[in-house]
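One letter stands for each residue in the lines below.
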Amino acid sequence: MFALWLLSIAALTSAQALTLTDDRGVVVTLAQAPQRIVSLLPSLTETVCELGQCQRLVGVDRYSNYPASIKSLPVVGGGLDPNIEAIVALKPDVVLMATSSRVGERLQALGIKVVALEPRSHADVQRVMLKLGQLLEVRDAARIWRAIDAGVSAAAQSLPPSLRGTRVYFEVNQGPYAASESSFIGETLTRLGVKNIVPAKLGPFPKLNPEYIVRANPDLIMIGQRSADGLLTRPGWQSIRALREQRVCIFPADEADMLVRPGPRMAEGARLMARCLIDKAAKGAKP
């Protein structure tokens, strides 16, 4: 009888344990859903909060700045160069990070659980939303994703047919680094019915030769304020149609952050892009 009792206790404990496979292919097992979380990627920070679990965050990376409630949390450095000692001091149950971060093994060697998730596409955002829902034991994660997806579709439906095929260049960062057709930003542009001048074959966020953009001659440019300084002084750019005809949307820092993060604010990002197209591209659209 005593042996059966021990087996039943062991089975109950095992049932309460939480196991998932992260984007590295690593199987991570926790005794229970984590209550103390450090996030080293803004999109993951935002997703935890969208799932209604902001209160579990005890530390974030220096770029996590939304929602406002997380701005009072300890900052533990960047996603690629976090302060290991600061993370350890916070005694997290788990650290959420990008697969591109190199600190996972160091944290694991210190006995800290790590879950690496890095959304790059719309499908990835859905998958990560569901994966974090599993990790945090939030049952309505699928409903939240459906609302995001519906919001992107609604933004697309708000555009007049005359804007279809508008040729767009979206600059993610100085370099210039662009969002190609294969990036989540490119996927949103495709759903809006416009043409991205940067093909998928170049990779999601390629660094381009500035001459490539001059030759492509986009109808519309989308760019963040941080990267927009000196746009007209770039060699040859004065000849680009979008600049000649003042069809450039310059997004302030908070909007640019929203646009370049593959997370729960993607529908808002799609609405920003749609507004840009209506405000700028519609002026030159063919009747």
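Residues numbered from 1 in each chain as written. Predicted model: local features only at pLDDT ≥ 70, side-chain atom pairs only at ≥ 80, totals over all residues. Heavy atoms only, no water.

### Comments concerning the packing of aromatic side chains
Aromatic ring pairs: the centre-centre distance and the angle between the two ring planes describe each pair. Inspection of the entire model under this criterion finds 2 aromatic pairs. Plain terms: the ring middles of Tyr169 and Trp237 are 6.2 Å apart, the flat faces sit at 80° to each other, and that makes the pair edge-to-face. Of the two residues, Tyr169 is situated in strand S7 (residues 167-173) and Trp237 in the loop between helix H9 (225-228) and helix H10 (241-244); the sequence distance between them amounts to 68 residues. Trp237 carries the same exposure label as Tyr169, and that label is buried. Seen from their ring centres, Phe184 and Phe205 are 6.2 Å apart, and the 65° between their planes marks the pair as edge-to-face. Here the residue Phe184 occupies a position in helix H7 (residues 184-191), and Phe205 occupies one in the loop between strand S9 (195-196) and helix H8 (210-216), the gap between them amounting to 21 residues. (Phe/Tyr/Trp six-rings, centres within 6.5 Å; stacked < 30°, edge-to-face > 60°. Helix = DSSP H or I, 4+ residues; strand = E, 2+ residues; numbered from the N terminus. Buried < 20%, exposed > 50% of the residue type's maximum accessible area, 1.4 Å probe, protein only.)

### Some details on the packing of helix H5 (residues 122-136) against helix H6 (residues 141-157)
Interaxial distance between H5 and H6 falls to 8 Å at its minimum, and their mutual angle equals 155°. For the element pair H5 / H6, the angle class is roughly antiparallel. In this structure, H5 crosses over H6, and the sense of that crossing is right-handed. Listed contacts from H6 to His122, Val125, Gln126, Met129, Leu130 and Gly133 of H5 are Ala141, Ala142, Ile144, Trp145, Ile148 and Val152. Along the lines of polarity and charge, the residues of the contact of H5 with H6 split into 9 nonpolar, 3 polar and no charged. (Axes fitted to C-alpha atoms, helices over the stretch in contact; angles between N-to-C directions. Parallel < 35°, antiparallel > 145°, perpendicular 65-115°, else oblique. Left-handed = near helix turned anticlockwise from the far one by under 90°. Contact = heavy atoms within 4.5 Å. Nonpolar A, V, L, I, M, F, W, Y, C, P; charged D, E, K, R; others polar.)

### Topic: helix H2 (residues 42-50)
By the criterion of burial, H2 is predominantly enclosed, with 8 of the 9 residues buried. Along H2, the residues that are buried comprise Pro42, Ser43, Leu44, Thr45, Glu46, Thr47, Val48 and Cys49. In this structure, the buried residues of H2 make contact with strand S3 (37-39), strand S4 (57-60), strand S5 (94-97) and H5. Downstream of H2 by a residue or two, Gly52 has a phi angle that is positive, lying close to 80°.

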